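Structural characterization, general
Here are the chains, one letter per residue:
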Amino acid sequence: MIEVESLTKVYPGGVQAVREIDFTVEPGEVFALLGPNGAGKSTTIGMLTTTVEPTSGRARLAGYDVATEPLAARGVSSVVFQESVVDRSLTGRRNLELHARLWGTRSARIDEHAGVLGIADLLDRPVETYSGGQRRRLEIARALVSEPRVLFLDEPTVGLDPLIRYELLDVLAGLRDRGDLTLLLTTHYLDEAERLCDRVAIMHLGEIVALDTPAGLRAELGDELVELRVDGSGDDALATLQERGMAGTDAFVVGSTLTLPVSANGVDAPAEIRKLDLPVASLTTRRPTLDDVYLRLTGGRLAEAA
Amino acid sequence: MTAVAEVLPLPRRRTPRSFDSLIALAGRRFALTARTPRELIVPLLTPVLFALVIAPALKTALHTSASYESYVAIGTVGLLVPLNTFFLGLGVIVDRDSGAQRELLAAPIPRALLVFGNLVVALAITGLQVGALFGFAVARRIHFHPAGAGVLWFLAAAVLLTVAMYGAAETLASRVPRQEEYISRVPAIAIAPWFLAGSLFPITAMPEGLTWVARFLPLTHALALMRYGLLDDSSGLHNIWEMDNVTASAALSLGVVALFAVVFTRVAVRVFTRSAMS
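Report on the accompanying structure. What you see as residue numbers is a count from 1 along each chain, following the sequence as written. Lettering for chains starts from A, numbering for ligands starts from 1, and both go in the order in which the items are written. The predicted origin of the model limits local features to residues at a pLDDT of at least 70 and limits the giving and counting of side-chain atom pairs to 80 or more, whereas totals for whole chains, interfaces and linings rest on all residues.

Moving on, we get to the overall build of chain B. Helix and strand counts for chain B stand at twelve helices and zero strands. Shown N-terminal to C-terminal, the secondary structure of chain B runs as helices and strands in the order α-α-α-α-α-α-α-α-α-α-α-α. The C-alpha extent of chain B, read off along each of the three principal axes, is 85 × 40 × 35 Å. Residue burial here comes from a neighbour count, namely the number of other C-beta atoms, placed from the backbone, that lie within 10 Å of the residue's own C-beta, with 20 or more meaning buried, 12 or fewer meaning exposed, and in between meaning partly exposed. A burial count over chain B gives 45% of its 278 residues as buried. By the convention adopted here, residues are in contact when the distance between their C-beta atoms, placed from the backbone, does not exceed 7 Å. Of the contacts formed within chain B by residues at least 6 apart in sequence, a portion of 79% connects residues at least 24 apart. Strands are runs of DSSP state E lasting at least two residues, helices are runs of H or I lasting at least four, and both sets are numbered from the N terminus onward.

Take the sheet that holds strand E12 (residues 252-254) of chain A next. Residues and elements named next belong to chain A. Strands are treated as partners if at least two bridges between them are detected by DSSP. In spatial order, the strands read E12-E13-E11-E14; together these four strands make up an open sheet with antiparallel pairing. Taken across any chain shown, the strands that pair with only one partner, and hence form the sheet edges, are E12 and strand E14 (280-286). Each neighbouring strand pair of the sheet contributes to a mean axis angle of 20°, computed without reference to strand direction. On top of the sheet, helix H9 (residues 234-243) reaches strand E11 (225-230), E12 and strand E13 (257-261); it is set at about 35° to E13, its chief contact. Here an axis means a line fitted to C-alpha atoms, over the contact stretch when the element is a helix, while the angle between two N-to-C directions is reported on a 0 to 180 degree scale.

Our focus in this paragraph is the packing of helix H7 (residues 150-175) of chain B against helix H12 (residues 246-276) of chain B. Residue and element names in this part refer to chain B. Close contact between H7 and H12 brings their axes to 8 Å; oriented N to C, the two are set at 25°. One finds that H7 runs roughly parallel with respect to H12. Judged by the twist between their axes, the crossing of H7 over H12 is left-handed. Its residues placed into classes, the contact of H7 with H12 shows 19 nonpolar, five polar and two charged. Roughly parallel refers to an angle under 35 degrees, roughly antiparallel to one over 145, roughly perpendicular to one between 65 and 115, and oblique to any angle outside these ranges. Here a crossing is called left-handed whenever its near helix is offset anticlockwise from the far helix by less than a right angle, and right-handed whenever the offset is clockwise. Classes in brief: Ala, Val, Leu, Ile, Met, Phe, Trp, Tyr, Cys and Pro nonpolar; Asp, Glu, Lys and Arg charged; the others, Gly included, polar.

Here we take up helix H3 (residues 92-103) of chain A. With twelve residues, H3(A) should cover 16 Å at 1.5 Å per step; its first-to-last C-alpha distance of 17 Å lies within 8% of that length. Burial analysis of H3(A) places eleven of its twelve residues in the buried class, which makes it a mostly covered element. Buried within H3(A) are the following residues: Gly92(A), Arg94(A), Asn95(A), Leu96(A), Glu97(A), Leu98(A), His99(A), Ala100(A), Arg101(A), Leu102(A) and Trp103(A). Lining the buried residues of H3(A) we find helix H2 (70-75), helix H4 (110-116) and helix H5 (132-145) of chain A together with helix H2 (18-33) of chain B. Just past H3(A), the residue Gly104(A) takes up positive phi, approximately 70°. By definition here, a helix of n residues has an expected span of 1.5 Å times n minus one.

A word on the nonpolar core. We define a nonpolar core as a collection of buried residues of the types Ala, Val, Leu, Ile, Met, Phe, Trp, Tyr and Cys that are connected via C-beta atoms lying within 7 Å of each other. Leu34(A), Ala157(B), Leu161(B), Ala164(B) and Met226(B) are the most contacted members of the largest nonpolar core, which totals 173 residues. When we break this core down by domain, the ones giving at least three residues each are domain 1 (2-217) and domain 2 (222-287) of chain A. Bear in mind that the domain bounds are from an automatic or database domain assignment.

Time to look at unusual backbone geometry. Residue and element names in this part refer to chain A. Even without being a glycine, Ala62 presents a positive backbone phi close to 50°. Structurally, Ala62 is set in the loop between strand E4 (56-61) and strand E5 (64-65). Of note in this structure, Leu205 is not a glycine but carries a positive phi near 50°.

Nothing here speaks to function; it is geometry throughout.
Following this line, the structure appears as structure tokens:
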């Protein structure tokens, strides 16, 4: 449904926002682009929605090339933008009707879509009277009015309070369960990707540095991790562990916290670490999460961005 | 399976037609523009003030004939059209900064339609305001005497001037990043030419250099055509072309205004579609 081949974007001034990325999203799949600010996620969505002109490479939506058949590509897709992109002085209904007319679909089912998203009672009010969560629901309803085959969601829950965020995650889970809609979303929130997505691509500095199912990505770190927090520099502690052969290239540091995958060689890693002369503040073991995969691949930049 | 999954069926769509899309876009723009009467009335205030208060006052003070009021009343159309179109151009910036422009750019329609949808509304609202201006003028007993094709000359000039000025407004709106910068440039683009274009006095009353400048302004040609159409006064056309054949002069002036309309609209579409793409 979405095919991306060597897609590249270089902005004026030579900034390489996206560097020859490749991926394919199957029909009905939910796919996430995960990455810190500046990783190239929004530029990628921009190229797929034909608002950013690719420098090189190809992308197709439902077989339509976004560069040579942009109208057809836009006709099979809808976007929910990171920021609120609505006519606030118009009613919710007017916003939905406009989308239906521009996409050439029937507007008779607007109330049905609004009802499913829990905003049917608000439709005849100006959007400027909506709360942030209601507005975001309206934008999702609007994107669905044209019954797209591909739905792009650019940071759909960013800036929302936790309750609204979880409500929206339920809505997105419902869309995923339909099975006839291909979803591509970008997010900072790893729990969203883990909860909603069939596959995740982690982007860093314009490149895809990992692409797999959430479980597959976690499996790269093994079954267990040691998390060591020290008083002082985590980098110094890592250097010490590497000198002793107790940490490999898959260990990573965020601030004063050091995370090491545990190799399955029967060694009691925590006990061995305690024997070293390190300023240990805490030492625990736990199962890997997607956060660990992400932090290892992007050098902890999510923490800086958040 | 959740409620969303149960209710929403498989996709079904038809290809949107450009005309339907244009009507939808124009309807949206009109709804946004006309949501408060203030936005329709404000651009009218200065021209109405000129036509109804300042022109009669000048006539009295300068001891001119009653036809001067008619002369100025038509001259005020040359202020109303640029003011109105440039006010409407602000909507493009609002759309871009806090409106639904990105959603419209993602629609399966040629992006030029966004400009044309705005243009349709600019024409409709300008038409309403010019009509209101003439209504006030007639109520104030200012006389016009359109004859035969005169009304057509007037309408053609007014429509093409509106198209040209809206093209300039949309171009400026697409090029400047902030509303403040847009507003600061409006006087130079929309108001200064009005003083040079024969709105209040013939262009030949100015120094010769400025007379030549005026001959290159679309507003000068449009006002000369409007006066020819509604007052049967061809002096403005003669001042521009210095020809005895009035019809040929009118056709030439109409061609000039049409040329500006086409060029400014093409530039507006090009600048908008380029600025919409990163």
